Each structure stands twice: as structure tokens, then as C-alpha cells.
Amino acid sequence: MNGHTYEIFLALGVLSPFISFWLLVFFGPKLGKPWAGWCAVILGMGVPLAMASIVLWGWLGEDAASRAMLTEHAFRYHWANLGTVSILVGVKLDSLTVAMYFMVTFIAFWIFFFSIGYMSGHSDEVAGKSKYHRFFAYLSLFAFSMLGLVLSSNLLFLFIFWELVGLCSYLLIGYYFHERVPQYAQMKAFITNRVGDFGFIIGLMLVYFQLGTLDLDDAARIFAEQYAAGTGIFASSFTMFGWSLATIMGVGLFCGAMGKSAQFPLHVWLPDAMAGPTPVSALIHAATMVAAGVYLVARVFRLMTPEALMFVAAIGCITLFLMALIAMVQTDIKKCLAYSTLSQLGYMIFGLGCGAWIAALFHLITHAFFKAMLFLGSGQVIEGCHHEQDMRKMGGLMKKMPVTGITFLVGVLAISGFGIAGTKIGLGGFFSKDEILAVAWVRAFDWDDYSHHEAGAGGHHASVIPPIPAAEDSSNDVFSSEKRIVLVSDQPHGDTHTTSVTPHGLKPSAHGGDAHGRAGIFSQTPTLPKWMFYLALFTAYVTPFYMMRCWWMTFMGKPRDDHVHEHAHESPMMFVPLVVLAIGTFVSSYFLFRDLIADAATQATIAPLVMATDGAIHTTAINAAHSWLIYGVGGAFIVGFAIAIVIYGRGLGMASRIKRIAGPLHTLLENKYYIDDLYHLVWVKGCMAVAHIARFFDTWVVDLIFNTLAKLTERLAAFSGLVLDQHGVDGIYNGMADTAINVGDAMRRSQTGRIRNYVLFAVGGVTIIVVLMLAYWGVASPEQTVAMLAP
Amino acid sequence: MEHIGLTHYLIVAAVLFCCGIFTMATKRNAIGILIGVELVLNSTGINLVAFDRYMGPGRLDGQIVAIFMIVLAAAETALAVGICINVYKNIATVDVDMASQLRG
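A brief structural summary. It should be emphasised that the depicted structure is a prediction, and the values quoted were computed from it without experimental measurement.

With that settled, consider the interface of chain B and chain A. In this assembly, 15 residues from chain B lie in contact with 15 residues from chain A. Scanning the region where chain B abuts chain A turns up one salt bridge. One salt bridge connects B:Asp97 with A:Arg756, and the closest N-O pair in it is separated by 2.1 Å. There are one residue pair in polar contact (both at pLDDT 80 or more) connecting chain B and chain A. Elements with a contribution of two residues or more to the side of chain B that touches chain A: α1 (6-26) and α2 (30-55) of chain B. By residue number, the principal contributor to the side of chain B that touches chain A is α1(B), which donates four residues. Of the residues belonging to the side of chain B that touches chain A, the class tally is seven nonpolar, three polar and five charged.

Next comes the structure, spelled out in C-alpha cells:
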């Protein structure tokens, strides 16, 4: 494929669910059940999946050189200027995008499909109107936003889609908005995410003001240049909590990820989000949206200073440990899965913080497959068991729901890191988790040897970083072809940009500010605290325990509640996606994604602190660590499973004995370390207290002033109205009118309408006038009269 | 037997005038009132002719004005009868007390 074919296909895949959304908004009620659902499945996800498949197929056919070309020449459109910063709309086209895009569309398609079966069994009427179509409209909008997020080449657009997925999450958690619990859950999710987004905005502003661009690639290049030259963001002497401005930028961007990916202090919303419909939990709160935070960290990895990465690792480590412990005591099947999701997200974030970029993203992808499957399985169980979510009332469902039970077991094995150490046989977590731990081990125990002789920087470091053999030849082609697009024409270091995105990008002859700068940063990366490694290792043993516990309580043993057990059944519409995703778990563990991400690593990160068992750097040390650590981690599932089966194998008796012995510890875990209560006390109650104070002030100060003013105005109005207006102005006019009426009344009496009267008046009048004239002038004699008349 | 002079004419005219006024003031029939008006006009005609005969002999001013007045009285009568007919059309009577819509 050539030109912008990939971009066109990807963009079509984004627009299709958007069209589906508007169709469902306007014509959803007419389509009704189940056609609204099919509209979302076909238009909302079928088309994107088809596009993703075409793109994936094409992309796999490209060699490293042409992939680099495509990434570099990816579509960009100058959209607007924000101050002096030009905003380029475009598609971030590299192997990570392709992998994520395919993963999201594939999983989402089957979850959409599952949703039709799931929703058919649910009442969806509120006040006599069906809201069935709304569910699928929201799902379509989510598909649009999530795919847009994956494609964004620009932090601004990434942020816009970021907020849109947050909105969809809010809407879908509160799908049953007529009930109390989902209402609170959706608010909690949205508000907690706002806290994270606040940090994200700070990070964005720092990128905007200090780096002067919002494009991901440009930002990374400028960041490296500024580091090398000690200018821009590195020239600032501002510090906060001992962090430099550059670190604050990285931490700020990570804060957004903390909200979306529900990392430790902001994790509280995710378990509550399980109040939404189960397909939503599977799609948004397990597979895709929560992974967006990890994706963001992976994308802004190049903007992270060592301190910021250390913060990322610490948060991830705390999250993965604490949440795994809570998962051990959960009795609600969905809550148990939610906490396991939190713990696994913690692994991903921890991996990124350590530098295990490839393993973390690989874990993200395999986790998406099997966690979506686990959630759909739990949805199947809940649906089959009459909306019963308490695992203590389940048990023995294996016979009633064999497909669900087996696929669920596949998920349990995958998340537990099932595999045979020393061979290539394993599932999901087996490949990713021990690699994260191997990197963590090198960072924690074996770091000084590697970091110190990095200090020289310059061309020296190139020898430490083995180039990827396959990329060697093809990369020359890129340089010889000389077809470069310098995105912003007046960039002084256009060269640097071009070289930085080539397959290995660290060729001594071509390295510019980038390689120099990043290698310098790399040399300052401190040793990882040892407790982080131990916690992560310990949690690898906890994970199999709680997952096996969950599976055993649900599917094995004796039925504990006859009513639930009798009702249990499975429906084909719903177990087809389960089987497909189980197969997807196998496939994703072995094929496609690992290679794609490893390929992306060299381009997407400029590779200084990317460590893996293959590719990038420190392969020797990590392989060495990996070769023995694999037995420790790979065997974890045996230990975890064994403990779980011993405790739960014969019902809940032993568990309740342990619960009595553990006492306060169990209570602490059951109450989630009281973090929710603490937040409730500090934020909710605090907010209420502030509200009360504000209300007191309002009532007694503001209201008082305004009421007094109002009273005064009222009095003034009364005075002016009653006294001045009614008696003064009105008095004058009424008086004039009254006078006119009275005069008229008096006058009209003479007009009797009788001619005889008029005649008499006329005669009387004339008589009076004549008499008066005579009296005045006297009576003239006839002679006088004659004289008077004589001519 | 006294010689008949101006005064006698004037007295007759005055009596006639008073009769006319009295008729106008007392009659309720529109035609009667019209007759009263004619009496008043004729008394005026007598005055005009008498004054012409005694105050300005040899001149015909008074007679001419009297003839004019008779013509005018005829015209006025025609007009008044027309009005009477219209009043009758409207209120089905010629009793002027009934035609009092314009009273105040």
C-alpha cells in the first residue's frame, strides 16, 4: 500500500462508529430491539474491525524500512494555530497504533456482539420508554473515541478523545440511572478522572509552553534537543517537591494516566464502575479504556525524565501490590475481577516505569484479551444465575455452564502466567510478567554496571546498544532515498527529527541531539528501589491465588445455593464471543503483537530506556536474569493455585476459619484499606462541610444584606407608588378627568332633546337680550327710528 | 275711527309672532310646529312690508325682501317636510317629543 492508504482505512474505521452513533441517536427508537444493537455491531464495530484487519494485513507485509517511511510520512494536516504553536491533525501510524487498533476493534466487536445477547435478557424500560438503543449509541460513541485516541498524533487531540472516552464511561456506568448505586458510581468515576485530568492539563500546558508544540514526535525531538542544549524546559530552575520542571511535565501527563488507568490514589472509581452493565465492564473498564492510560504513558515515554519514570514505577508498584491483596477477599465476582484488573494495570505502569516498555504493552494487549473474556464469562454467570453476583452463593456451575467454565479457566491461567518454564509453552502473563520482573531485577540489583559507563554519552553509547539486525540493511535505504517531510519548515534541526524515527535511530553517524540527549538522560537513571522488585514478585504469587479462588468458588465444589444453581444456564449468543476471545488469548500470546510492539519500541521511544529480552538494550543482563527468574515467576501459578485449591477445595469452611484468624487484616482488606472511607471523609464530607459554611455565610451575611436592600427598595417603592404616584400624579390626572365629567354632566342637562324647550330657550334668550338692549340704550321714538333708517 | 298707522301693523305682526312662538312651544306634532314657524315668518313679512311702507316710502326694499322670504319659507317648508317624513320613517311617528335621541 502506498500514499495515505493506511490512514484512510484507519480514519474510515473511526468515522463508521461515529455515524452509527448519530444513526442510533436519531433513529434508535425506530430500529428498536434488537436492530439497534445490530446497527452498532455492524456499523459501529464490524467496519472498524474490517479496516483494522486490512491495515494489519498490509502492515505485516511491509518491511522495517517501509514502516519507518510510513510512520515518518504519515498524514498531517495543518488545522489551526494556537498562538505560535501550529496544531497538526494527523494519524500516528506505527506498529503500536496498528496493534492497539486491531486489539481494540477485535475485542470490542465481540463484546458488542455479546451485548446483544446480554441486553436481550435485561429490562430496559424507564418510564415506559425503551433505552435499549441508548446503550448501543453510547457503545458506538465509545468506539469512535477510543479509536480516535489510538490514532491521534497530537496531544491536543489525544486529550479530546481522552475526555470523550471518559464521558462514554460515565454514560455507560450510569446506564441503569434509575437506580442509586450506578448514579454514585458514575459520578465517582467522572470526578476521580477529573482529578487525574487536572494533572494531564498541567502536563499539556507545560508541553505547550516549554516545548512549543503538541505533536508527539515534535515534542519528543524538542525535548531531547533542549536536554542536550540545556535550554527550554531544562533551563528553568523551578522545582516543586524536589522535581524539576521537566519532571513535573512528565508526572503531570502521568496523572492523566493515573485517573484513566485507575492507579493507586485514584483507583477508587474502577471497582465501583462495575455497577454498569457487564459488557461495559469488559470493554471499557477492563480491556480498552483503562488501557488508554498505559497507552498514553507509552506514547509520552519520550517526555519522561528519570525522576518521572521513577514516580511512574512507584505508583504502579504500589497499585499492583495493594489491589492484588484486596482481590483476595472480594466475594463479588465482578469486584474480584475489577481488583485483578487494577493489579494488572499496576503491572503495566510499573513495567513502563522500569523501562520494560515492550513487555508492559505486550501485557496490555494479552491482558485485554483475557480480561475481556473473564468479564464476559462473569456476565454469563451473572446472567445465568439470576443476577446473583456473590460467589459464595455459586459453586458447582461447571456442569451447567461448561463453555463458560472452560473459557474462564483459560483466562485464569493466562492472568496467572501459566506456562512451563524453560519452554515456549505458556499463556499471556507468562511471557510478559516475568519479563517485566526481569527488567525490574536488572534495574534494582544489576544497574550500576550498566548505567555508569553510559556517562560518556556521545558516540560511545552506540556500542552498548546493539542495533536490530533485521533493520540494518533497510535503514540505509531510508537514508539514501532522501525523501523526507520536514513537518514544520523552519525547524532548525529537521535532520535530527528524520533520523530519530528510523528503525534503529541510533546510528553514530546520524545521531543528533536526540540520541545524545536521551542517552544522557539514560545515564542519570537511578537504581530502582529493591522493595519494588520484591513487591512485584510477591504479587506474581498472589495473582494466581485470587484468580483460582474466584474460579473455584464459582465453578467447582458443591452448589451452595439451590435456587441459583437450578436457574443456571448459558446462551449461545453469549458464549460464542467467549470462545473467540479464548482463542484470541492463545493467538495474542504467541503471534503478531509481541513483534509489532518490539518493532514499535525502536521508533516510538527512541529506545534509550527500553529494555527487553529481545530488541533494544541490556539484552544480555536481562536475559541472564530472565533465565533464572522465569522459574520463580513461571512457577508462581503452581503455588498460587495449590493454596487456593487447598483453602477453597472443600467449600468455604477453611476460608472462614482463616478469616477469623486473620481478623483485623481481613477487615482492613475487606474495607479496601479504608481509602474509600477516607476519601468520603476528606472530600465528600469536607465538601459538605465547606458547603455548610458557605451556606451559613450565605444565609447570614449575603442574604441578610440582600434582604435588607430588598426591604428598603420595597419601602421606597411603596412610598413612591402609594404616596407620590397614587395621590400625586394620579390625583392630578384623575382630578382633571373628574372635573371634565362633572362639567359635562352639568352641561348635558340643558340638552333635553325636546324642540319645545329649545324654542322656549331661544325666545327667552332673545327676550332677555332685547330687554337688556332696551334698558341700556333706551326705547327709541319713531322719529328717531326714521332718522336712523333714513338714507 | 283712528287712522291705521305703522303701530297697528306692528301689533298685528307681534300678535302673529307670539302665536307662532306659542304654537312652536306647545305643539308636539312636527307639522304643527312647522305651521308655527310659518306664522313667525309671516309676521316678519308683515313687519318688512309695513316698515317699507311707512319708514322708507317710494322704495321697494321691504317688498323685495318679503318676496325673497316667502320663497325661502317655501323652500324651508319643503325641507322641513322632508325631515318630517324621514323622522316618521325612523320612529314611526311625527311626535317631536319622541325624537329625542340627541338629548344630553
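What follows covers unusual backbone geometry. Residue and element names in this part refer to chain A. Backbone geometry places Ala 262, a non-glycine residue, at a positive phi of 55°. As for its placement among the helices and strands, Ala 262 is situated in the loop between α8 (245-260) and α9 (269-272). For Tyr 674, which is not glycine, the phi dihedral falls at a positive 60°. Looking at the secondary structure, you find Tyr 674 in the loop between α28 (664-670) and α29 (675-748). The class for Tyr 674 is partly exposed, based on a relative accessible area of 38%.

What follows concerns the packing of helix α10 (residues 278-287) of chain A against helix α11 (residues 289-299) of chain A. When two helices pack together, their arrangement is given by the angle between their axes and by how far apart the axes lie. Residue and element names in this part refer to chain A. It is the contact of α10 with α11, at a shortest axis distance of 3 Å, that shows an interaxial angle of 15°. Comparing their axes, α11 and α10 come out roughly parallel. Every residue of α11 that contacts α10 at Leu 283, Ile 284, His 285, Ala 286 and Ala 287 is listed here: Met 289, Val 290 and Ala 291. Of the residues assigned to the contact of α10 with α11, the class counts are seven nonpolar, one polar and no charged.

Further remarks concern the pattern of salt bridges. Residue and element names in this part refer to chain A. Per the counting criterion, the structure on display carries 18 salt bridges over all chains. The partner of Asp 218 in a salt bridge is Arg 221, and the shortest N-O contact between them spans 3.3 Å. Of this pair, Asp 218 and Arg 221 both sit in helix α7 (residues 216-229), three residues apart, roughly one helical turn. The buried category is assigned to Asp 218, whose relative accessible area is 4%. A salt bridge links Arg 748 to Asp 745; its shortest N-O distance comes to 3.1 Å. On the criterion of helical spacing, the pair formed by Arg 748 and Asp 745 is a turn pair, its members being three residues apart in helix α29. You can call Arg 748 partly exposed: its relative accessible area is 41%.

Scoring rules and cut-offs
Residues numbered from 1 in each chain as written. Chains lettered and ligands numbered in written order. Predicted model: local features only at pLDDT ≥ 70, side-chain atom pairs only at ≥ 80, totals over all residues. Heavy atoms only, no water. Contact = heavy atoms within 4.5 Å. Salt bridge = Lys/Arg side-chain N within 4 Å of Asp/Glu carboxyl O. Polar contact = N/O pair within 3.5 Å; in protein donor to acceptor, adjacent residues only side chain to side chain. Helix = DSSP H or I, 4+ residues; strand = E, 2+ residues; numbered from the N terminus. Nonpolar A, V, L, I, M, F, W, Y, C, P; charged D, E, K, R; others polar. Buried < 20%, exposed > 50% of the residue type's maximum accessible area, 1.4 Å probe, protein only. Axes fitted to C-alpha atoms, helices over the stretch in contact; angles between N-to-C directions. Parallel < 35°, antiparallel > 145°, perpendicular 65-115°, else oblique.

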